[in-house]
Structure formats: C-alpha cells, structure tokens
Amino acid sequence: MSPRRRWSWSFRPAARAAAVAALACAAVLAAPRSSLAQDDPLARARALVEAQRAEEAIAVVDAVLAREPANAEALLVRATARLVGGDAAAGRRDLGRALELDPTLRQGWLTLGALEMADERWDEALAAFRRAEAIEPAAADNDLNIGAVQLLAGDLEAASARFARYLEGPGGDANGYFLVAKNYALAGYEALAVEHLRRAIERDERARVAAKADPAFAGLKPSPRFQALLHARTFQPPENAHVAERAFPDAYAGGRGPLLRAVLDALQIGGRPFDPRVDVAPDWAVIWADARIEVADTPEGGRVTLSAPPDRFTPQTWAAFSEELLRDVATHLALGAPREPAEGVTSP
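Residues numbered from 1 in each chain as written. Predicted model: local features only at pLDDT ≥ 70, side-chain atom pairs only at ≥ 80, totals over all residues. Heavy atoms only, no water.

**Student:** What exactly am I supposed to notice about helix α13 (residues 224-231) here?
**Tutor:** For the α-helix, the turn length of 3.6 residues means that residues three or four positions removed from each other point alike. Within the sequence span of α13, burial applies to Phe226, Leu229 and Leu230. The arc that holds every buried residue of α13, seen down its axis, measures 100°, which confines them to one face. At its buried positions, α13 is contacted by α11 (190-203), α12 (206-213) and β3 (284-288). (Buried < 20%, exposed > 50% of the residue type's maximum accessible area, 1.4 Å probe, protein only. Helix = DSSP H or I, 4+ residues; strand = E, 2+ residues; numbered from the N terminus. Arc of directions from axis to C-beta. Contact = heavy atoms within 4.5 Å.)

Put into structure tokens, the structure is as follows:
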C-alpha cells in the first residue's frame, strides 16, 4: 500500500490514542457469556478495567495466572488492563502471549490491530484485522476496521469499497454513517466526511451535536462546508407527527436570551428526562426529551415548537404533555429566567 498521508497532524495523535483506548476497552465488554458470572474473577477484572481501575484489575488477574499461567483469556484481560493503565510494553507482551496460546481470540487481534495503527504500521494492522475477520467473517466491524487502516495508509479506493459494504449492511444507520464520517475526517477527506456526516444527521439529527463535540472532526472546524452542515436547519417532522408550538415575547438570541433557560428549567424542575446534549446554533437550539423541542427567534420574540412521532403519544396524552410543558415554560419566564446562557450550554 502507498504511504500517502492526507490527515491533519494537528489532531491525529489524540484521535489515534482515543481509538486505541476504545478498542482496548472493547475487550472488556466482549467477554464470553460464561465469564459474566458474579463469582468469576475475570468478570471482576473486566469491570475494574471498565471503571479505569487498572492496577486493581491486574491484581485480580495475577491471582488467576498464578494458578493458570497458560490462561489466554486472563492474559488478554491483563493486557487490556495494562494498556488502559499506560503500560504499553507490558500490555503488548501479554497480548502476544495470549494470541500465541489461543489464536482464536478475536478481540486480541482487534486490540493488536489498534496498537499497530497507533504505531502507523499499516501492513501489520491490516494483517491483525484480517485475522479477526477470518475468525468471524460476518462481524459488523470487519469492513470498518480494515477500511480505516486502508484509508490512513492512503488507499482511498479500497477503503471506500470497504466502507460502502459496511454501510450497505450492518452500518446503514446513523451511527454507521457517523463512524465512517469520522474516519474520513481523521484522514483529511473533507468532502467525504461532510457527506457521510450529512447522511448520519438525516437518520438521526443527534449526530450533529455529537460531531460538534467529537475531536475527530476538529480538523474540519475551519471548513465552511462543515460549519454550514452544523448550522443547517433541515428537520422535518414525520408524517402525522404530533406538533405544538407557542410564541413568547422573550427571545432565544443564540442561547443568550431567557427562552432557552426557561425551557430547560421547565424540564429539570418538572422532573422530565431529556438528553443533556443541547444542540445550540445561532438561530435555534434543539433539546431531545419525550418530544423534540426546538427553540428559535421570531420577529416579536421567541418560539418553542414541540414534535413527536405519531406512535409516541395518543392525541389525549400529547395534548396534556404539550400544554403542560408550554405552560411551565411561560411560568419560568414570568418568574424571571436569568438573561444569560443556560448552564452547560455553549453559545455559538
């Protein structure tokens, strides 16, 4: 493969480290069902790794290995703990020994592939991911992992073919398109990253707010095309959706007016669950709760629009929900919502 490089060096190292940590931690979650018993020490060790308590996990696994020095699964768990704890050399040794003892440990090959990617050893990473693919040919992540290596190695055509197959199969949802967009962004392919992110947002607009916070897209922030996508107001309620709205004299003002704070207070104080990731743009904000809540400006002040799929509420429960929520927003405005950005919300 050609070693052509088309990523941004300003953000790539951190993204590589995050990818390696994510794949290493996945070993904890990919345990065989038989290892999930309460009295299984390896299950305890995995839970400790997941909780970022690597040293405690290693102590638990050491006790297992003292009795069973050729336990490949235990070596893989200890490798994961050491990698998460920052001891890459020891983690690699354990990982190599685990795969030597049991070459069918698919998660071991995935972790090895991530480590080789971190060291920019593309051929070795590709070989590791292909071993994982051979063990489980139908696994959803095969095309994504191999495509990522091919892309970073400069083989755009092969990578795009892998990504296309992934998206036509198990990756055809919002998360799949988002992951492919991240790979293109990390490799510096702006147009492909933006296009795949657009398709992710079409499937679930929460991908938009996720992209704003994801370091994989940091290199695209200067891009007008990327910024236009983040600020585009493209949502259309589904057919026969429940919709309710109310105008208020108070403004949204890019999150700096009192209206957004009043909506958040109505949700929080009313005990209504909502996604804490509030999507804030210059002209609107979106909050996801039992209904989608959009806050925007009007010439006379502001407007709150609620919408929900038709199967989420009956007409009666929708009327009760929407009327109560909009009434609570008015109440909090009347009580004097602070005229400053809502807590935890960054104004654009």
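**Student:** Would you take a moment to explain the nonpolar core for this structure?
**Tutor:** Most often, soluble globular proteins have nonpolar side chains that are buried together. One finds Met117, Leu197 and Phe217 to be the most contacted residues of the largest nonpolar core, which totals 66 residues. Looking at which element gives the most residues to this core, the answer is helix α4 (residues 72-85), with 8 residues. Excluding anything up to four places from it in sequence, Leu197 contacts Phe178, Ala181, Ala207, Ala211, Phe217, Phe226 and Leu229. The next biggest cluster of nonpolar side chains, apart from the first, holds 28 residues, and it includes Ala244, Tyr252, Val295 and Leu333. (Core = buried A, V, L, I, M, F, W, Y, C linked by side-chain atoms within 4.5 Å.)

**Student:** What exactly am I supposed to notice about the sheet that holds strand β5 (residues 301-308) here?
**Tutor:** Note: strands within a sheet are paired through backbone hydrogen bonds, in either parallel or antiparallel orientation. Strand order in the open sheet formed by 5 strands is β1-β5-β4-β3-β2, with antiparallel pairing between adjacent strands. The sheet is open, and its two edges are formed by β1 (242-248) and β2 (279-280), each paired on a single side. Judged from the 2 bridges that link them, β2 and β3 form a sheet pairing that is antiparallel. Bridging across to β3, Asp279 finds its partner in Val286. Packing against the sheet, helix α14 (residues 258-269) makes contact with β1, β2, β3, β4 (292-298) and β5, and its axis sits at approximately 155° to β4. Running at roughly 20° to β1, helix α15 (residues 315-335) makes contact with β1, β4 and β5 of the sheet. (Pairing = 2+ DSSP bridges. Axes fitted to C-alpha atoms, helices over the stretch in contact; angles between N-to-C directions.)

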